Amino acid sequence: MQQEITFYSIVRGWAFLLICLATALLWTACQTTPIHDFTKVVPNMSKDEVLNLIGSPNRTERYDGKEKWAYRFWTGDDHNVEALRQVTFVNGRVISVGEDTEEESRLKEIQEDDSKRAERRKAAKARALTPEGAPPATSPEVKVDVSDPPPRVPTESDFVEQKGKRGAVTPEE
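> Help me out: how do you make sense of the side chain of Glu 67 in this one?
Within the secondary structure, Glu 67 is located in strand E2 (residues 66-75). Accessibility expressed as a relative area gives 12% for Glu 67, which makes it buried. For Glu 67, the side chain forms a polar contact with the side chain of Trp 69, separated by 3.0 Å. In this view, Glu 67 contacts Lys 47, Glu 61, Arg 62, Val 87, Thr 88 and Phe 89; residues no more than four positions away in its chain are not counted.

Structure, rendered in structure tokens:
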């Protein structure tokens, strides 16, 4: 037995698809960003619980028997504000949660080093473009004597006026 395809069955199929799509979009739009879930991370939680709650870290490091997970988020109305958070573990359990001030200072140092390096490159480029033995990059004074007018360049009208005179040169010649 074959089912008949009608206009209404097609419309119902599309309507069902659009409703499912709209529901999926609304469901994902209502989810909070993981940075809001940091308030739910408490001491003595396991690594798996933290992973399920806020997801994988951007960076991890180990030192003095501790393990630090660093997270970076973009917040604000235009997602233009950087937020750095950390979770520290000992023996697989949370011992501290909060802002990552060490990472903030590390990033600030990197930015300062980058700007110093850019200034040094700019200065080296300026030195490389200056010829040897030349004075520093200052514009020399140029004196122009304007007492004598510049020589006059003959124009086509000059040749036309002389046409017919003996010894006159025409532009065609």
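Don't stop here, the text continues.
> When you look at unusual backbone geometry in this model, what are you seeing that I'm missing?
Where the residue is not glycine, phi is negative for most of them; where a peptide bond is considered, it is trans in most cases. Phi is positive for Asn 44, which is not a glycine, with a value near 80 degrees. Among the structural elements, Asn 44 can be located in the loop between helix H1 (7-29) and helix H2 (47-54). Of note, Asp 64 is a non-glycine position whose phi angle comes to about 50 degrees, a positive value. Relative to the elements of secondary structure, Asp 64 occurs in the loop between strand E1 (59-63) and E2.

> Please clarify how the packing of aromatic side chains should be interpreted in this entry.
To describe a pair of aromatic rings, you give the distance between the ring centres and the angle between the ring planes. All told, the structure shown has 4 aromatic pairs when counted by the stated rule. Measuring from centroid to centroid gives 5.8 Å for Phe 38 and Phe 73, while their planes differ by 80 degrees, and the two rings are edge-to-face. Within this pair, whereas Phe 38 is found in the loop between H1 and H2, its partner Phe 73 is found in strand E2, the two being separated by 35 residues in sequence. Of the residues examined, Phe 73 reaches a relative accessible area of 12% and is grouped as buried. Judged by centre distance (6.1 Å) and plane angle (0 degrees), the rings of Tyr 71 and Phe 73 are stacked. The rings of Phe 38, Tyr 71 and Phe 73 are connected pair by pair, giving a single aromatic cluster. Across the ring face of Phe 89, the terminal group of Lys 47 is positioned such that the distance to the ring centre comes to 5.9 Å.

> Would you mind showing me how to read the pattern of salt bridges here?
Two side chains of opposite charge can pair, provided their charged atoms sit close to one another. Applying the stated criterion across every chain, the model contains 7 salt bridges. Linking Asp 100 and Lys 68 is a salt bridge whose minimum nitrogen-to-oxygen distance equals 3.1 Å. With a gap of 32 residues between them, Asp 100 in the loop between strand E4 (93-99) and helix H3 (101-129) and Lys 68 in strand E2 connect regions that are remote in the sequence. Side by side, Asp 100 and Lys 68 carry an identical accessibility label, which is buried. Ionic contacts of the salt-bridge type, sharing partners, join the residues Lys 47, Arg 62 and Glu 67 into one network.

About the cut-offs
Residues numbered from 1 in each chain as written. Predicted model: local features only at pLDDT ≥ 70, side-chain atom pairs only at ≥ 80, totals over all residues. Heavy atoms only, no water. Helix = DSSP H or I, 4+ residues; strand = E, 2+ residues; numbered from the N terminus. Buried < 20%, exposed > 50% of the residue type's maximum accessible area, 1.4 Å probe, protein only. Polar contact = N/O pair within 3.5 Å; in protein donor to acceptor, adjacent residues only side chain to side chain. Contact = heavy atoms within 4.5 Å. Phe/Tyr/Trp six-rings, centres within 6.5 Å; stacked < 30°, edge-to-face > 60°. Lys NZ or Arg CZ within 6 Å of the ring centre and 35° of its normal. Salt bridge = Lys/Arg side-chain N within 4 Å of Asp/Glu carboxyl O.

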